[in-house]
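# Observations on the three-dimensional arrangement
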Amino acid sequence: MDAALDELYAKVPQPGCKGLCVDSCGPVGMNPREHQRIRERGVNIPHHRDALAQLAETGDYTCPALKDGQCSVYDVRPMSCHLWGAVETMPCPYGCRPEEGLLPDAEGHALLAQSLDVGKPDALDAEQLGRLKQRFDDPQFRQTVRQYVQENRPAANPGQAIEHWRSKAAGYGLSVPTGPKKRPRRRRG
């Protein structure tokens, strides 16, 4: 499984990360093996549903892999993190760009789908991948995805992003409050 994941990661162009985009880190889904590799490094990233619930409840989520403003598991980060800054709909807001250019959306989303399927007996076949790529040939669909990503990037619009993730958490049947929890003040003295 590691070799299959690494083969997919190698298809993603490197954006030359400057380490400025930590404000873009958020809840991500990943293949169970990706999750296990990160846990083996001593970092436990919550399931994306739990992270969404935390974001909806507190209005804040910080990826546990971030240490001193850097990803502590960068070399084994999941595909969704590999794609950040390397795909048309997920360009780095700080200008990091792969020398060979951004991946077309269809290729990026196909790589994400394939990474999630690694190790599954019913992985996507060539026909299903072809349909996914065909969908991204539609300019209107690409614009919808681009707009969705830009509007829900926490750094770009924190309030809207929180509302989006709160509704996403509710879609998973999670009961979440409508605003951040008020923490009791500690009295000194």
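The structure under discussion appears in the preceding block.
The structure contained in this document is the topic of the report that follows.

### Thoughts on helix α2 (residues 32-40)
Taken as a whole, α2 has its buried residues at R33, E34, H35, R37 and I38. Check the buried side of α2 and you find it contacts α1 (2-9) and α4 (79-83). Capping of α2 at its N-terminal end is provided by N31; its side-chain oxygen lies 2.7 Å from the backbone amide nitrogen of R33. Directly beyond the C-terminal end of α2, a positive phi value near 90 degrees is found at G42.

### Brief notes about the nonpolar core
Judged by nonpolar contacts, the single largest core of 14 residues is most densely connected at V12, M79, L83 and L111. Ranked by the residues each element gives to this core, the list is headed by α1, at 3 residues. Dropping the residues within four chain positions of it, L111 is found in contact with L8, K11, V12, M79 and L103.

### Points about the environment of V118
Positionally, V118 belongs in the loop between α5 (105-117) and α6 (126-136). Sequence-wise, V118 and N31 are 87 residues apart; in three dimensions their C-alpha atoms are separated by 7.3 Å. Sequence-distant contacts of V118, defined by excluding residues within four places in its chain, comprise M1, A4, L5, L8 and N31.

### Considering the pattern of salt bridges
Pairing of side chains with opposite charge becomes possible as their charged atoms draw close. One pass over the full model with this rule turns up 5 salt bridges. Salt-bridge contacts for D6 lead to R37; the nearest nitrogen and oxygen are separated by 3.1 Å. Within this pair, whereas D6 is found in helix α1, its partner R37 is found in helix α2, the two being separated by 31 residues in sequence. You can call D6 partly exposed: its relative accessible area is 37%. Take R37: its relative accessible area is 8%, and that puts it in the buried class.

### Topic: unusual backbone geometry
Positioned with a positive phi, D68 is a non-glycine residue whose angle comes to about 55 degrees. Take D68: it is sitting in the loop between β1 (66-67) and β2 (70-71).

### Considerations on the state of the cysteines
Under the definition given, this model contains 0 disulfides. Left without a disulfide partner, C71 is nearest to the cysteine sulfur of C63, which lies 6.4 Å away. Here C71 falls in the partly exposed class, since its relative accessible area comes to 30%. Summary of cysteine pairing: C96 is not part of a disulfide, and the nearest cysteine sulfur, belonging to C92, is at 3.9 Å. The exposure class of C96 is buried, given its relative accessible area of 5%.

Cut-offs and rules
- Every chain begins its residue count from 1, and numbering advances along the sequence as written.
- Since the coordinates come from a predicted model, pLDDT governs what is reported: local features require at least 70, and pairs of side-chain atoms require 80 or more to be given and counted, while whole-chain, interface and lining totals use all residues.
- Heavy atoms throughout the structure, all of them, feed into the side-chain values; hydrogens and water do not.
- Residue burial is assigned from relative accessible area. The probe radius is 1.4 Å, only protein chains are included, and a residue is buried under 20% of its type maximum, exposed over 50%, and partly exposed in between.
- Secondary structure elements follow DSSP: runs of H or I no shorter than four residues count as helices, runs of E no shorter than two count as strands, and numbering proceeds from the N terminus.
- Contact criterion: two residues are considered in contact whenever any of their non-hydrogen atoms come within 4.5 Å of each other.
- Two N or O atoms form a polar contact when they lie within 3.5 Å of each other; inside protein one atom must be a possible hydrogen donor and the other a possible acceptor, and for residues adjacent in sequence the pair counts only when both atoms belong to side chains.
- Among buried residues, those of type Ala, Val, Leu, Ile, Met, Phe, Trp, Tyr and Cys that are joined through side-chain atoms within 4.5 Å constitute a nonpolar core.
- A pair is scored as a salt bridge if a Lys or Arg side-chain nitrogen falls within 4 Å of a carboxyl oxygen belonging to Asp or Glu.
- The definition used for a disulfide is geometric: two cysteine sulfur atoms within 2.5 Å.

Read these as geometric descriptors, not functional statements.
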